[in-house]
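Reading the structure
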Amino acid sequence: MRLGVLDVGSNTVHLLVVDAHQGARPLSASSHKEELHLVDLIDESNHIVPEGQQRLEAFVVESLRIAEDKGVQELIAFATSAIREAANGEEVLRGIRERTGVELRVLPGQAEAQLTFLAVRRWFGWSAGRLLVLDIGGGSLEMASGFDEMPEVARSLPFGAARLTKEWFAEDPPDEASVRALRRHVRAEIGKVVGDLVRYGRPDRVVASSKTFKQLARMAGAAPSAEGPYVPRRLFRADLSEWIGKLARMPSAERAQLPGISVGRAKQMLAGAIVAEAAIDLFEAEVADISPWALREGIILRRLDGLPEEWL
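What counts and how
- Every chain begins its residue count from 1, and numbering advances along the sequence as written.
- Reporting of local features is limited, given that this is a predicted model, to residues whose pLDDT is at least 70; pairs of side-chain atoms are given and counted only at 80 or more, and all residues count toward the totals for whole chains, interfaces and linings.
- Only hydrogens and water are set aside when side-chain values are computed; all heavy atoms of the structure are taken into account.
- Burial classes follow relative accessibility: with a 1.4 Å probe on protein chains only, a residue under 20% of its type's maximum area counts as buried, one over 50% as exposed, and anything between as partly exposed.
- Helix and strand definitions here come from DSSP, where helices need a minimum of 4 consecutive H or I residues and strands a minimum of 2 consecutive E residues; each element is numbered from the N-terminal end.
- Strands were regarded as paired on the criterion that DSSP finds at least two bridges between them.
- UniProt positions are given in the numbering used here, feature names are shortened, and annotations may be inferred rather than shown by experiment.
- For this document, the term salt bridge refers to a Lys or Arg side-chain nitrogen within 4 Å of an Asp or Glu carboxyl oxygen.
- The axes used here are C-alpha line fits, helices contributing only the stretch in contact, and every angle between their N-to-C directions lies in the interval 0 to 180 degrees.
- These descriptions rest on fixed angle ranges, namely under 35 degrees for roughly parallel, over 145 for roughly antiparallel, 65 to 115 for roughly perpendicular, and the rest for oblique.
- Note on contacts: a residue pair qualifies if any of its non-hydrogen atoms lie within 4.5 Å across the two residues.
- Amino acid classes used here: Ala, Val, Leu, Ile, Met, Phe, Trp, Tyr, Cys and Pro are nonpolar; Asp, Glu, Lys and Arg are charged; the rest, including Gly, are polar.
- Detection works on a 1 Å grid of protein atoms alone, calling trapped sets that fit a 1.4 Å probe cavities and calling open sets with protein on both sides within 12 Å along at least five of seven lines pockets, with lining residues defined by an atom within 4 Å of a point.
- Grid points are joined across faces, edges and corners, and a volume is the space filled by probe spheres set on the points.
- Between the rings of Phe, Tyr and Trp (Trp by its six-membered ring), a pair exists once the centres lie within 6.5 Å; its type follows the angle of the planes, with under 30 degrees stacked, over 60 edge-to-face, and the other angles tilted.
- By definition, being over a ring means that NZ of Lys or CZ of Arg is both within 6 Å of the ring centre and within 35 degrees of the ring normal.

A short note on the pairing of strand 1 (residues 2–8)
Within strand 1, six of the seven residues are buried, which leaves it mostly tucked inside the rest of the structure. With seven bridges joining them, strand 1 and strand 2 (residues 13–19) adopt antiparallel strand pairing. Counted as the bridge partner of Leu6 is Leu15 from strand 2. Between the antiparallel neighbours strand 1 and strand 2 lie four residues.

Right, here's the structure in full:
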């Protein structure tokens with residue numbers, strides 16, 4: 001079956017076309033994406049501005065054309081934090097549905113965490129033991145823990161790298177007081193849910209997914225993506241601690257020159273690093289393994305398990 005997965009994230013909007021069959025790993029056939037940064041197209045009243053609506057709709061129309069050209073048999077379309085939390089999110093989705101026919105389903109934060117956990121479990125297998133999975137998006141941080149395919153506990157916090165950058169850092173680079181204030185806030189809020197996530201036992205392995213974690217790992221010396229998904233990649237807490245100080249002194253243009261850091265995400269990498277270090281540290285881990293699979297793969301895997309689209 002050739003599936004299309006249309007992912008409207010807070011940073012990136014992405015159409016992934018895969019050849020997927022039950023019992024086999026999904027094989028990527030085509031990828032079309034744009035760093036739309038929806039979270040930055042939300043005004044002070046928490047509404048997605050007209051420019052954001054127009055650009056999102058244009059991407060959906062283009063994705064439909066590509067999906068048809070690539071022979072997609074079924075399109076699964078979903079949206080995450082930016083749409084989920086925008087005051088006019090339902091209005092934006094209704095407009096897209098009426099003008100394009102695409103039904104974008106909004107994933108609750110808990111479902112994001114659960115589906116990402118599933119993808120990580122399938123990638124690392126049962127031998128990984130009890131997993132703690134961390135995922136930093138543009139708008140939210142997802143955390144999930146468990147021993148089986150689906151987690152026992154899943155939590156979502158509004159700690160996406162783009163969101164925090166917009167809300168906490170007025171300057172580029174930010175002043176020291178802002179960095180310290182964000183660090184205190186993030187650690188206090190993550191600290192409130194640590195007990196829930198380790199209630200059934202400490203993790204045997206901490207795993208991180210998402211573009212933010214991948215770019216932080218590359219910055220800290222992990223293998224480049226060109227070496228393929230099967231090369232082990234890890235992100236050490238000690239390296240994050242060291243890099244936070246460096247990133248805090250760099251303007252975004254300078255960060256974009258670092259290995260693995262894209263121009264579109266350079267500004268938000270400091271906030272991402274602060275969240276990543278806090279999460280790894282508060283769960284008393286020294287290192288996180290980087291997973292090539294994340295939310296999109298989790299959605300594909302659940303679909304291949306034979307569930308209808310309503311499970312989104």
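This is not the end of the story, as more comes after the structure.
What to know about the UniProt feature "domain: Ppx/GppA phosphatase N-terminal" (unreviewed entry) in the protein chain
Mapped onto this numbering, the UniProt entry annotates "domain: Ppx/GppA phosphatase N-terminal" (unreviewed entry) at residues 26–304. For residues 26–304, the helix share is 48%, the strand share is 16%, and the end-to-end C-alpha distance is 9 Å.

Some points on the pairing of strand 7 (residues 141–146)
Burial within strand 7 is extensive, with six of its six residues counted as buried. Alternating residues of strand 7 divide into Leu141, Met143 and Ser145 and Glu142, Ala144 and Gly146, and every residue in both groups is buried. Relative to strand 7, strand 6 (residues 131–136) runs antiparallel, the two being bridged by six bridges. Bridging across to strand 7, Ile136 finds its partner in Leu141. In sequence, strand 6 turns back onto strand 7 through a hairpin of four residues. Sheet analysis places strand 7 next to strand 8 (residues 153–157), joined by five bridges and oriented antiparallel.

Some thoughts on the pattern of salt bridges
Think of it this way: side chains of opposite charge can pair up when their charged atoms draw near. One pass over the structure, following the stated rule, counts 28 salt bridges. Measuring nitrogen to oxygen at the nearest pair gives 3.7 Å for the salt bridge that ties Glu35 to Arg265. Within this pair, whereas Glu35 is found in the loop between strand 3 (27–34) and helix 1 (50–69), its partner Arg265 is found in the loop between helix 9 (252–255) and helix 10 (269–282), the two being separated by 230 residues in sequence. Here Glu35 falls in the partly exposed class, since its relative accessible area comes to 31%.

Brief notes about the packing of helix 7 (residues 211–219) against helix 10
Running from amino to carboxyl end, helix 7 crosses helix 10 at an angle of 90 degrees, the nearest separation of the two axes being 10 Å. Taken together, the axes of helix 7 and helix 10 are roughly perpendicular relative to one another. Side by side, helix 7 and helix 10 meet where Thr212, Phe213, Gln215 and Leu216 of the first sit next to Met269, Gly272, Ala273, Ala276 and Ile280 of the second. Its residues placed into classes, the contact of helix 7 with helix 10 shows six nonpolar, three polar and no charged.

What about the layout of surface pockets?
Space inside the second largest pocket adds up to approximately 220 Å³. Contributing to the lining of the second largest pocket are Pro174, Asp175, Glu176, Val179, Arg180, Arg183, Arg184, Ile244, Gly245, Ala248 and Ile274. Mapped by element, the contributors of at least two residues to the lining of the second largest pocket are helix 6 (176–197) and helix 8 (237–249). The dominant element in the lining of the second largest pocket, judged by the number of residues it contributes, is helix 6, at five residues.

Focus on unusual backbone geometry
With an omega of 0 degrees, the peptide bond running from Asp172 to Pro173 counts as cis. As for its placement among the helices and strands, Pro173 is situated in the loop between helix 5 (161–168) and helix 6. Of note, the phi angle at Asn46 is positive, near 70 degrees, even though the residue is not glycine. As for its position among the elements, Asn46 is in the loop between strand 3 and helix 1. At Glu284, a position not held by glycine, the phi torsion is positive, near 60 degrees. You can see Glu284 is positioned in the loop between helix 10 and strand 11 (287–290).

Quick word on the packing of aromatic side chains
Within this structure, the stated rule accounts for two aromatic pairs. With a centroid separation of 5.5 Å and 15 degrees between ring planes, the pair formed by Trp123 and Tyr230 is classed as stacked. Note that Trp123 is positioned in helix 4 (residues 109–124) and Tyr230 in the loop between helix 7 and strand 10 (234–236), a separation of 107 residues in sequence. In this structure Trp123 comes out as partly exposed when scored by relative accessible area, which is 23%. Among the aromatic residues, ring-to-ring pairing joins Trp123, Tyr230 and Trp293 into one connected group. The ring of Trp243 carries the charged tip of Lys246 above its face, separated from the ring centre by 4.5 Å.

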